[in-house]
Amino acid sequence: MHENDRDLLPEGLGDRLPQQAWASQTVRRAAHDVLASHGYARVETPVLEFEKALASRMAGVRVRRMFRFMDPVSLRMLAMRSDITAQVARIAATGLAPAPRPLRLSYSGQVMTVKGDGLDPARERLQIGAELIGADSTAAAAEVVELAIETLRGAGAKGVSVDFTLPDLVDTLSAGALALPAHQVEAVREMLDAKDAGGLVDAGGAAYLPLLYAVGPFASAIEQLAAFDVDGVLASRIAALRAIAARVEGKARLTLDPSERHGFEYQSWFGFTIYADGIPGSLGRGGTYEILGQAGRDPEPATGFSLYPDPLVETLASEAGEERRLFLPLGHDRELAARQRAVGWVTVAALSEADDAIALSCSHRLEGGEAVPLS
Ligand SMILES: N[C@@H](Cc1c[nH]c[nH+]1)C(=O)O
């Protein structure tokens, strides 16, 4: 241990200084305004829960991504939330089980993972999202994709694009039309994901090769996928994708990558990833899924999306314009200062004669009852 270790933060964790904190708040507020206007009621969830509750609400959730430790009180394993969707699913299956469906809920908060994602070393991220519980239909998926685009735009993103995928594609095909022995399924999935044609053939998935070419701008890629689907196993999915695409046309650029599965842990027939111009990497994802209920109860269908807008927050923070800040000298008229705040001024009051208006980033000074520009 070095002496200055107490000043360090663990890898992938950081503070938000005033400009970033302001930008984060602005993004959050703008996103929630959009979500609330579409009838998505906000919920707030704890940062820690029993590991089991976070891990078992949806099939496919990976506990290894979560920070886990023992609760000294209950002596049970706790986990930090890594995805608020699982908590919203718990609420839907328990406290709000009697609420009418479809149930529209929204949320935001910090989530933590043990490791960063790909090139992004951050282990704590802001997550903002919405879940539409009780439906995983084409109509539900179209509403959610449209809402994700509007929310991201509201949060300040420009040039939004959306990439559609079919998360359970390999499971669907390998169980029927393009049967694979169980032990080959994972390898075929991996090779498709890696877009490795040679590896795909070696893994016994030669029949899946055309999927590697049904990728790119939506209009042409969906035709390729339809041509590949000779037996019509994917017909209903293809029709649904076309319908969703028609709903979002003109609002975002659309692409299709039917076997993409990066970040999709529990989504079922439909998934999408969302991007914006000038921001490397994705800004979020969403799709359809099933919420596992109490023992003996049927799972409930749902559709939702989550944004991870930290890169947008950074951009906004760096573009933040100069604020209009009014310096209040010692002995100023306090009533007048209150009136200035009421009309939108930010005021900074002197504590002593030594306080310097310019050093304190003020743009104006209260003098003779007026805001006088400095410089
Ligand atoms: N929570 C998921 C996205 C999602 C929300 N609802 C359905 N899917 C994620 O962050 O990857």
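Residues numbered from 1 in each chain as written. Predicted model: local features only at pLDDT ≥ 70, side-chain atom pairs only at ≥ 80, totals over all residues. Heavy atoms only, no water.

In the nomenclature of an unreviewed UniProt entry, the protein corresponds to Histidine--tRNA ligase from the organism Novosphingobium soli. Comment text from UniProt for the protein, heading Subunit (unreviewed entry), reads "Homodimer." (UniProt positions renumbered as here; feature names shortened; annotations may be inferred.)

**A few points about the UniProt feature "domain: Aminoacyl-transfer RNA synthetases class-II family profile" (unreviewed entry) in the protein**
Following the UniProt record, one finds the feature "domain: Aminoacyl-transfer RNA synthetases class-II family profile" (unreviewed entry) at residues 25-329. As annotated, residues 25-329 comprises 34% helix and 23% strand, and the C-alpha atoms at either end are separated by 30 Å. (Helix = DSSP H or I, 4+ residues; strand = E, 2+ residues; numbered from the N terminus.)

**Thoughts on the site of the ligand**
Neighbouring the ligand are 15 residues; Asp 83, Thr 85, Arg 285, Ser 306 and Tyr 308 lie closest to it. Side-chain polar atom of Thr 85 to a nitrogen atom of the ligand: 2.8 Å apart, as the coordinates give it. Protein contact buries 97% of the 300 Å² of open area that the ligand shows by itself. Elements that contribute at least two residues to the shell around the ligand include exactly β6 (124-133), β11 (284-291) and β12 (300-307). The element best represented in the shell around the ligand is β11, accounting for 4 residues. (Near = heavy atom within 4 Å. Polar contact = N/O pair within 3.5 Å; in protein donor to acceptor, adjacent residues only side chain to side chain. Areas by Shrake-Rupley, 256 points an atom, 1.4 Å probe, with all protein chains shown as cover.)

**Regarding a nonpolar patch on the surface**
A cluster of nonpolar side chains, Val 47, Leu 48 and Phe 69, forms an exposed patch at the surface whose accessible area comes to about 230 Å². Mapped onto the secondary structure, Phe 69 falls in strand β3 (residues 68-70). (Patch = residues over 30% accessible without salt bridge, like charges linked within 9 Å, V, L, I, M, F, W, Y side chains within 5 Å. Salt bridge = Lys/Arg side-chain N within 4 Å of Asp/Glu carboxyl O.)

**Brief notes about the sheet that holds β12**
Strand pairing in a sheet is mediated by backbone hydrogen bonds. Such pairs are either parallel or antiparallel. Pairing in this open sheet of 9 strands is mixed, and the strands run β1-β5-β6-β12-β11-β10-β7-β9-β8 from one edge to the other. Only two strands of the sheet have a single neighbouring strand rather than two, namely β1 (41-42) and β8 (216-217). As defined by bridge partners, strand β7 (residues 160-165) adjoins strand β10 (residues 271-276) across 6 bridges and the pair is classed as antiparallel. Bridging from a neighbouring strand, Val 162 pairs with Ile 274 of β10. Together, β7 and β9 (253-256) form the strand contacts of helix α9 (residues 235-248), whose direction differs from that of β7 by roughly 175 degrees. (Pairing = 2+ DSSP bridges. Contact = heavy atoms within 4.5 Å. Axes fitted to C-alpha atoms, helices over the stretch in contact; angles between N-to-C directions.)

**Description of the packing of aromatic side chains**
In this structure the tally under the stated criterion is 5 aromatic pairs. When the ring of Phe 164 is compared with that of Phe 218, the centres are 5.7 Å apart and the planes differ by 80 degrees; the resulting orientation is edge-to-face. Here Phe 164 is found in strand β7, whereas its partner Phe 218 is found in helix α8 (residues 218-228), with 54 residues between them in sequence. The pair Phe 164 / Phe 218 is uniform in exposure class, with both members buried. Members of the aromatic cluster, joined through ring pairs, are Phe 164, Phe 218, Trp 269, Phe 270 and Phe 272. (Phe/Tyr/Trp six-rings, centres within 6.5 Å; stacked < 30°, edge-to-face > 60°. Buried < 20%, exposed > 50% of the residue type's maximum accessible area, 1.4 Å probe, protein only.)

**Quick look at the packing of helix α4 (residues 138-154) against α9**
It is the contact of α4 with α9, at a shortest axis distance of 9 Å, that shows an interaxial angle of 35 degrees. Pair α4 / α9 crosses with right-handed handedness. Where α4 approaches α9, its residues Thr 138, Ala 141, Ala 142, Glu 143, Val 145, Glu 146 and Ile 149 are matched on the opposing element by Ala 240, Ala 243, Ile 244, Arg 247 and Val 248. Class assignment of the residues belonging to the contact of α4 with α9 gives a composition of 8 nonpolar, 1 polar and 3 charged. (Left-handed = near helix turned anticlockwise from the far one by under 90°. Nonpolar A, V, L, I, M, F, W, Y, C, P; charged D, E, K, R; others polar.)

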